[in-house]
There are 2 protein chains.
Amino acid sequence: MAETSLIFPAQEYRRRIGALQAEMEQGGHDALILTSPADVFYVTGFLTRFWESPARPWFLLIPRAGDPVAVIPAIGADLMGRTWITDIRTWDAPDPVDDGVSLLAESLATMVPANGAIGLPMGLETHLRMPLGDYLRLADRLAPRRMTNATAVVQRVREIKSEAEIDKIRAICSIASDTFDNVHDFARGGEPLDRVFRAFQAMLLDHGADWVSYVAGGAGPGGYGDVISPADARPLASGDILMLDTGAVKDGYFCDFDRNYAIGPAPDDARRAHAALHAATEDALAQLRPGMLARDAHRILTEGLRKRGAQPGGGRLGHGLGLTLTEWPSFTPKDTTELRAGMVLTLEPGAEIAPGRILVHEENIVLRDSGPELLSRRAPADLPELPA
Amino acid sequence: MAETSLIFPAQEYRRRIGALQAEMEQGGHDALILTSPADVFYVTGFLTRFWESPARPWFLLIPRAGDPVAVIPAIGADLMGRTWITDIRTWDAPDPVDDGVSLLAESLATMVPANGAIGLPMGLETHLRMPLGDYLRLADRLAPRRMTNATAVVQRVREIKSEAEIDKIRAICSIASDTFDNVHDFARGGEPLDRVFRAFQAMLLDHGADWVSYVAGGAGPGGYGDVISPADARPLASGDILMLDTGAVKDGYFCDFDRNYAIGPAPDDARRAHAALHAATEDALAQLRPGMLARDAHRILTEGLRKRGAQPGGGRLGHGLGLTLTEWPSFTPKDTTELRAGMVLTLEPGAEIAPGRILVHEENIVLRDSGPELLSRRAPADLPELPA
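Residues numbered from 1 in each chain as written. Chains lettered and ligands numbered in written order. Predicted model: local features only at pLDDT ≥ 70, side-chain atom pairs only at ≥ 80, totals over all residues. Heavy atoms only, no water.

> Is there a simple way to think about the overall build of chain A in this case?
Scanning chain A from terminus to terminus reveals 10 helices and 19 strands. In terms of overall size, chain A behaves like a compact globule, its C-alpha atoms giving a radius of gyration of 23 Å where 388 residues would be expected to give roughly 21 Å. For chain A, the C-alpha atoms occupy an extent of roughly 70 × 40 × 35 Å along the three principal directions. Looking at chain A as a whole, 64% of its 388 residues are labelled buried. Summarising the internal contacts of chain A: among those between residues at least 6 apart in sequence, 70% fall at separations of at least 24. Accessible area for chain A stands at about 12900 Å²; split by element, carbon and sulfur atoms hold 50% of it. Averaging the coordinates of the 39 positive side-chain charges in chain A and doing the same for the 53 negative ones gives two points 3 Å apart. (Helix = DSSP H or I, 4+ residues; strand = E, 2+ residues; numbered from the N terminus. Rg over C-alpha atoms; globule rule 2.2 N^0.38 Å. Buried < 20%, exposed > 50% of the residue type's maximum accessible area, 1.4 Å probe, protein only. Contact = heavy atoms within 4.5 Å. Areas by Shrake-Rupley, 256 points an atom, 1.4 Å probe, with all protein chains shown as cover. Lys, Arg positive; Asp, Glu negative; His and termini not counted. Charge placed at Lys NZ, Arg CZ, Asp CG, Glu CD.)

> Got a minute to help me understand the side chain of Ser 376 of chain B in this structure?
Residues and elements named next belong to chain B. Looking at the secondary structure, you find Ser 376 in the loop between strand S18 (371–374) and strand S19 (385–386). At 2.6 Å, the side chain of Ser 376 forms a polar contact with the side chain of Glu 363. Only 2.9 Å separates the side chain of Ser 376 from the backbone nitrogen of Asn 364, close enough to count as a polar contact. Setting aside its immediate chain neighbours within four residues, Ser 376 contacts Cys 173, Ser 177, Phe 257, Arg 259, Glu 363 and Asn 364. (Polar contact = N/O pair within 3.5 Å; in protein donor to acceptor, adjacent residues only side chain to side chain.)

> Explain the UniProt feature "domain: Creatinase N-terminal" (unreviewed entry) in chain A to me, please; I cannot follow it from the model alone.
Here the UniProt-annotated "domain: Creatinase N-terminal" (unreviewed entry) positions come out as residues 16–160 of chain A. End-to-end, the C-alpha atoms of residues 16–160 of chain A are 10 Å apart, and along that stretch the chain is 38% helix and 19% strand. (UniProt positions renumbered as here; feature names shortened; annotations may be inferred.)

> Explain the interface of chain A and chain B to me, please; I cannot follow it from the model alone.
Interface size is commonly expressed as the accessible surface area that is lost when the partners come together. The partner chain B presents 64 residues to the 65 residues of chain A that form the contact. Approximately 5800 Å² of surface area, both sides summed, lies buried where chain A meets chain B, with 62% of it carried by carbon and sulfur atoms. Where chain A touches chain B, the interface holds 6 salt bridges. We note a salt bridge from Arg 198 of chain B to Asp 210 of chain A, for which the minimum N-O separation is 2.7 Å. Summed over the shared surface of chain A and chain B, the number is 26 residue pairs in polar contact (both at pLDDT 80 or more). If you list the elements that add at least two residues to the side of chain A that touches chain B, you get helix H3 (77–81), helix H5 (132–142), helix H8 (193–206) and strand S7 (211–221) of chain A. Per-element tally for the side of chain A that touches chain B: the top contributor is S7 of chain A, with 6 residues. (Buried area = accessible area lost by both parts, 1.4 Å probe. Salt bridge = Lys/Arg side-chain N within 4 Å of Asp/Glu carboxyl O.)

Written out as structure tokens, the structure is:
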């Protein structure tokens, strides 16, 4: 297992640490505390589904210069020891009296001068994956050191994917594309939606996904109601539009896109909405460039829908993608994040056909200097039909 | 979909709210903020895999008396509207300027007097699923109201499962048991471990799991090294011990247990270790009673191993189970949580056969007044053999 637990060569992680340290310098942070599965994986290659257990916190410390320090539960020492990280400090977790706080405080006190700043991601789209009470105790123990907002440090670095990362996302997109091309194997009129969801996940695994962290979708006459509900047991019926959406994972990297299917002949309004979504996505594929802002992508997609007579759905129309199902930025009218070459993004326009009846269409891209390069296999312009 | 999104009748949720409010009264909390998927699901029935996206926070507020209030992203209004919750307040998330903080602060300011206490889970095994910066802003805006530690409120109520919940856990345990009984369909000598992991997940889905949130395991000559690593592509070989462990999910409830298999004839020391693990588990099944402490379970399992000549592995030897893969308490020497009837627990003794070579054995139970009732189908006493 020694080699596989690295995912990438050590130099890839060293490059990432260097980039984070450059941003830390810029932001005035003397150390960085990372606690989330994606952030820890990003700098170490430590990949495990064990994060599913909320019992134990895990800490990865990055000093302003030099190598990172892992402060982790003893149960993870073996796996972390097979990554490129060499300074690994452990405690027996869970410990109801002191669940790593003292070890973490000591490690940081040595790393950061008393007048120093300790950065953590604490902004939009971040969570602190440790008990809040322990964080407050830690901040107290480390005073007069300040706890500072290092959201930008992590986001500026993680949002630009290396070619090695892009290859990983392309691989899982290809697995999902193969699966979407074979939905006719398990979805047709009469088949209950919950069985379709199960078979969809099984086929993703069969095509090579390591695991399937996200499946959503919907089905209803001429469109579906929302895109986050679990599946019920209602059988698919003629005239339904079925949507399947997945965040499957390979080597720790996600895809996130969906496909729509008509059960039998599609109602005209659904066919028109699908064509408008496809065409608006073509606009974005043609026009998006580095230097634009996230809100420009929203504008392009919204205008693309309107000029084809479709009513844009609410919410964001795309987002970042990579180590989690969704990453910043968000394609909303309010997000002014600059789009840069190397960002992996989703284009996700939605159209409202009637109240409570929507269609959502999604592709995954990497933004190049010359514009978007597709990572998902492009959806057909015409809504495909499954047997009723 | 209207009915299925509830999972349980509304009265089950009303009972839970009542129990939480009784504990809030006891702890002096005037309101409770819940942010985690499990806590929100517990009181509402709001079940979605959309939590996989870290982009948006979700809030469920429980006043000291009266019905809960959901403060959530607009994208969830439809699904939350199909639960028993009627007071649903939404904002357009993600919003880089104010991601629900004002709406949340206003809702809490009305609910809690200026000298009041607002409780949140902030202790062991909890995470605050919102940006830390937003939490600090919220606490500022709500002052002089105090933010208080309500970990015990949630844990005291959630740790006792209703019969309806036990039925759900029994159902997913049965699905996993059926799958473990058919591992010979996909695991044998020559088969790479990563393909075994994929086929295992697909079979869990085929047997009726809604999704598979956790799969771990290991394989190695006469035992495995750790239990949290992802699978590599090494083919299973004669003399290997294969372990598969899963947290599969049905209707929002988890199982969490494993099974061991020998590839061809098992080495004697592995067979002896398996028999010792099985016998130590029998001791716990016979002896555990309400009123004992979590550390007593650790002692029973440890002594059970020692008296059969096995070396107990480190770490905890079992834990709570239900809405997440692992819940409190922990079977460690330090955990003094009282075991109570209605707790669903795992018994998870591990034995070290040689340095770097362990065996772990796990069952799921519900603790009754008369002792443990198995929810997983009991593992065979003799290590089962798969074709080499």
